[in-house]
Amino acid sequence: MQRHIATTPFGRGTLTLGQIASQMTARTVPAEAVVHKWQVFQHIREARDRLGATDRSLAILNALLSFHPETALTGAAELVVWPSNEQLMARANGMPATTLRRHLAVLVGCGLIVRRDSPNGKRFARKGRGGEIEQAYGFDLSPIIARAEEIKALAEEVQAEKKALRVARERLTLLRRDIVKMIDAGIEENVPGNWGRVQQAYQEIILQLPRGASRPLVDDVCARLYDLWVETREVLETFTKTQNMDANESHSGGHIQNSNPDSQFESNTAFENDEAGSAAAQTDNVQSLPKRELPLGIVLDACPGVIDLAQGGQIRHWRDLLGAVEIARPMLGISPSAWREAREAMGEQQAAITLAAIYERSEQIHNAGGYLRSLTERARQGKFSTWPMIMALLRAKLDASQAEAAGKGSLHPSRREPSGFEVSETLLRGLGKRNRRPHEK
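All residue numbers refer to positions counted from 1 along the written sequence of the respective chain. Local features are withheld for residues below a pLDDT of 70 in this predicted model, meaning they are given only at 70 or higher, and side-chain atom pairs are given and counted only at 80 or more; totals for whole chains, interfaces and linings count all residues. In computing side-chain properties, one takes all heavy atoms of the structure into account and sets aside hydrogens as well as water.

Asker: Quick question: what am I supposed to make of the packing of aromatic side chains here?
Answerer: Any pair of aromatic rings gets described here by the distance separating the centres and the angle formed by the planes. Two rings from Phe, Tyr or Trp (for Trp, the six-membered ring) form a pair when their centres sit within 6.5 Å of each other. Planes less than 30 degrees apart are called stacked, planes more than 60 degrees apart edge-to-face, and all others tilted. A full pass over the atoms with the stated rule returns 2 aromatic pairs. Taking 6.1 Å as the distance between ring centres and 90 degrees as the angle between the ring planes, the aromatic pair formed by Trp38 and Phe41 counts as edge-to-face. Linking Trp38 with Phe41, this pair stays in helix α2 (residues 37-46), spanning 3 residues, or about one helical turn. Classification of Trp38 by relative accessible area gives partly exposed; the value is 32%. Buried residues are those whose accessible area, probed at 1.4 Å on protein chains only, stays under 20% of the maximum for their type, while exposed residues exceed 50% and partly exposed ones sit between those limits. Judged by its relative accessible area of 9%, Phe41 falls in the buried class. Runs of E in the DSSP output that reach at least two residues are strands. Runs of H or I that reach at least four are helices, and both are numbered from the N terminus.

Next comes the structure, spelled out in C-alpha cells:
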C-alpha cells in the first residue's frame, strides 16, 4: 500500500533543522519495516534523558500511539494520526491545553514525531470512494519506526549504566561497612595505631559523596576507600600474626600473660586522679547534687572543643552533641562496647556530657577507654554525677582567665583586654560554694 504524504509537510511556527532532520528520517522508513509500538515506547521511556524527552511529553506520545489502531507499526501502512487537542487532553489525563502544545513541541524537537498540518491547520483524514485513506493531516509516527534500532541501543546503554551504578553503590556499601567494622575491631582489641586518624580519613572521604552522586564520582570514592581498606586490613593482619607468634612462644615457654586490656586502665595523669578522687569524695554526697539536668549551654562552655566535631560547627540541641561525641569516641580510642555500657548505665545524655568532658581534657588522659569504664561502674553504683566534672572544667577555665588577668594587672582597668572566658555571677557563686571544704562556712 502506498503511503500518502501531505503536500505541506511542515507544521505551523518556526522551522528548525531538527524538523528537517525528522522529515528526512521519516522518508527513509523501508516498507518492510515492522516494530511493536509499545515495545519501542518502553525503549523510549528508558532512553528519555538521552533523547531529550520529558515525562509529560511521553504521556502525550502514549496517547498518540493509542490512536493508531494496530499494535504493529509497519513502513507500508499509514502512520499519521489526527486526534483533536480535546481528545489528546482526555487521554493524557486531563493535561491543560497550553501544557499539551508545549510538550507536543518537545516530541517534535526530539525527532519522535513529525507534524503533517493541513493548509488551515486542522487535523483530519480524507478518504477515497472505497473508504481507504487518501491523505491524512496530523502527527506522523514514522520516525519511531525509522529510529527503533537507535532508540533500542540507547535504552540498552542506559540500562547498562544503571547496572554499573548499582554495582558501584553495592561495592561502596560493602567498603564502608568493612572499614567501620575494622576500625571498631582495632579499638576494641587495643591494636596499636592512630585509629582517630583512620576515622578522620574515612569521614573526609565519605563527605565528598553527595546524594545522587554520578557513577564516576562513586567509582572515585570507592577507589579511595579501597586504599584505606587495604591499609587498615594490613594493620589488623600484622597485629594478628604478631599475637599468634607471641602466643606460641608463651605456650612453649610456659609464660602466662594477662590479656585483659582494661586490667591496667588506671592512669597517673593529674586530671584522671583529680576527677576520680573527686568522684570518690562525692560518693556520700551525690544525693546533694542538683537534681536538674545540666543546661546544654553550660556543658558547651566547659567543653568547647567538641563543637568543632559537630556537623556545620554548631550544637543547638542535645542530639547535635550526641552526633559530635559519636565522632569523638573513636578518636579517643574508646571501644564500642565501653561506649555502649556507658550509655546503658548513665543514659545517652549524661554519657554524651561525660565523653565531651573527656574529649576536652584528652591530652591529660592516658587511657580514655579505661577511664570511661571506671566512671560507668560508679554510675551503676549510683556514685557518679556529671556536675562535678563540668564544674571542675569551668573552674579550671575561670582560674586560667583570672591568672591571665592578673598578669596584665599593670594595665588600667578601663584599658585591660577582655578575657576569652566569661561566667555569670550566679555560676561564680555556685562554683565558690562547691569549692568549699565541708568544714568551711
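Next comes the rest of the write-up.
Asker: Please explain the side chain of Thr232 as it appears in this structure.
Answerer: Its place among the elements puts Thr232 in helix α10 (residues 215-253). By relative accessible area, which is 2% here, Thr232 ends up buried. Note on definitions: a residue-residue contact is assigned when non-hydrogen atoms from the two residues lie within 4.5 Å. The contacts of Thr232, once residues within four sequence positions are left out, are Met182, Trp195 and Val198.

Asker: Please clarify how the nonpolar core should be interpreted in this entry.
Answerer: Residue types Ala, Val, Leu, Ile, Met, Phe, Trp, Tyr and Cys, when buried and joined through side-chain atoms within 4.5 Å, form a set referred to as a nonpolar core. Among the nonpolar cores identified, the biggest contains 42 residues, and Val306, Leu321 and Ile390 are the most heavily contacted of them. Those elements that provide at least two residues to this core are α12 (296-302), α13 (318-332), α14 (336-346), α15 (348-360), α16 (368-380) and α17 (386-407). It is α15 that provides the largest number of residues to this core, a total of 8 residues. The residues touching Leu321, leaving out its near neighbours within four places in the chain, are Leu296, Val299, Val306, Ile315, Ala352 and Ala356. Grouped together as the second largest cluster of nonpolar side chains are 35 residues, Phe41, Leu51, Leu61 and Val81 included.

Asker: Help me understand the environment of Ala324, please; the structure alone is not making it clear to me.
Answerer: Within the fold, Ala324 resides in helix α13. Each C-alpha atom of the pair Ala324 and Leu355 lies 9.9 Å from the other, and the pair is 31 residues apart in sequence.

Asker: How should I be thinking about helix α6 (residues 97-110) in this particular structure?
Answerer: In an α-helix there are 3.6 residues to a turn, and that puts residues three or four apart on one side. A helix is expected to span 1.5 Å for every residue after the first. Taking 1.5 Å per residue as the helical rise, α6 with its 14 residues ought to reach 20 Å, and the 20 Å between its terminal C-alpha atoms agrees with that figure. Those residues of α6 that sit buried are Thr99, Leu100, His103, Leu104, Leu107, Val108 and Cys110. Within two residues after α6, Gly111 carries a phi angle of roughly 80 degrees, on the positive side.

Asker: Got a minute to help me understand unusual backbone geometry in this structure?
Answerer: Most peptide bonds are trans, and most residues other than glycine sit at a negative phi. Positive phi values are uncommon outside glycine, yet Asn93 reaches one of about 60 degrees. Note that Asn93 resides in the loop between α5 (85-91) and α6. The class of Asn93 is exposed, set by a relative accessible area of 73%.

Asker: Sorry if this is basic, but what is going on with the confidence of the model for the protein here?
Answerer: In this model, the protein carries a mean pLDDT of 76, and residues with pLDDT of at least 70 account for 73%. In the model, residues 410-426 has pLDDT below 50 throughout and makes 13 contacts with residues more than four positions away in sequence or in other chains. Within the model, the stretch residues 429-441 combines pLDDT values under 50 with 10 contacts to residues more than four positions away or in other chains. How sure the predictor is of each residue is captured by pLDDT, a score from 0 to 100.

Asker: Can you help me understand the packing of α2 against helix α4 (residues 55-66) in this one?
Answerer: A packed helix pair is summarised by two numbers, namely the angle formed by the two axes and the spacing between the axes. For the pair α2 and α4, interaxial distance at closest approach is 11 Å and the crossing angle is 175 degrees. Taken together, the axis directions place α2 and α4 in an arrangement best described as roughly antiparallel. Between α2 and α4, the residues in contact are Lys37, Trp38, Phe41, Ile44 and Arg45 and Leu58, Leu61, Asn62, Leu65 and Ser66, respectively. Grouping the constituent residues of the contact of α2 with α4 by class yields 6 nonpolar, 2 polar and 2 charged. Each axis is a line fitted through C-alpha atoms, taken for helices only over the stretch in contact, and angles between the N-to-C directions span 0 to 180 degrees. In this scheme, roughly parallel covers angles under 35 degrees and roughly antiparallel covers those over 145, while 65 to 115 is roughly perpendicular and the rest are oblique. Each residue is assigned to one class: nonpolar for Ala, Val, Leu, Ile, Met, Phe, Trp, Tyr, Cys and Pro, charged for Asp, Glu, Lys and Arg, and polar for all the others, Gly among them.

Asker: Help me understand the pattern of salt bridges in this model?
Answerer: Between side chains of opposite charge, a pair can form when the charged atoms approach closely. A side-chain nitrogen of Lys or Arg and a carboxyl oxygen of Asp or Glu constitute a salt bridge if their distance falls within 4 Å. Within this structure, the stated rule accounts for 17 salt bridges. Across the pair Arg116 and Asp140 runs a salt bridge whose closest N-O atoms are separated by 3.0 Å. Of this pair, Arg116 sits in strand β4 (residues 114-116) while Asp140 is found in strand β6 (residues 133-140), placing the two residues 24 residues apart along the sequence. Arg116 gets classed as buried once you look at its relative accessible area, which sits at 2%. A salt bridge links Arg343 to Glu348; the shortest N-O distance between them is 3.9 Å. On the accessibility criterion, Glu348 (45% relative accessible area) is partly exposed. By sharing partners, the salt bridges in this structure join Glu341, Arg373, Glu377 and Arg380 into a single network.

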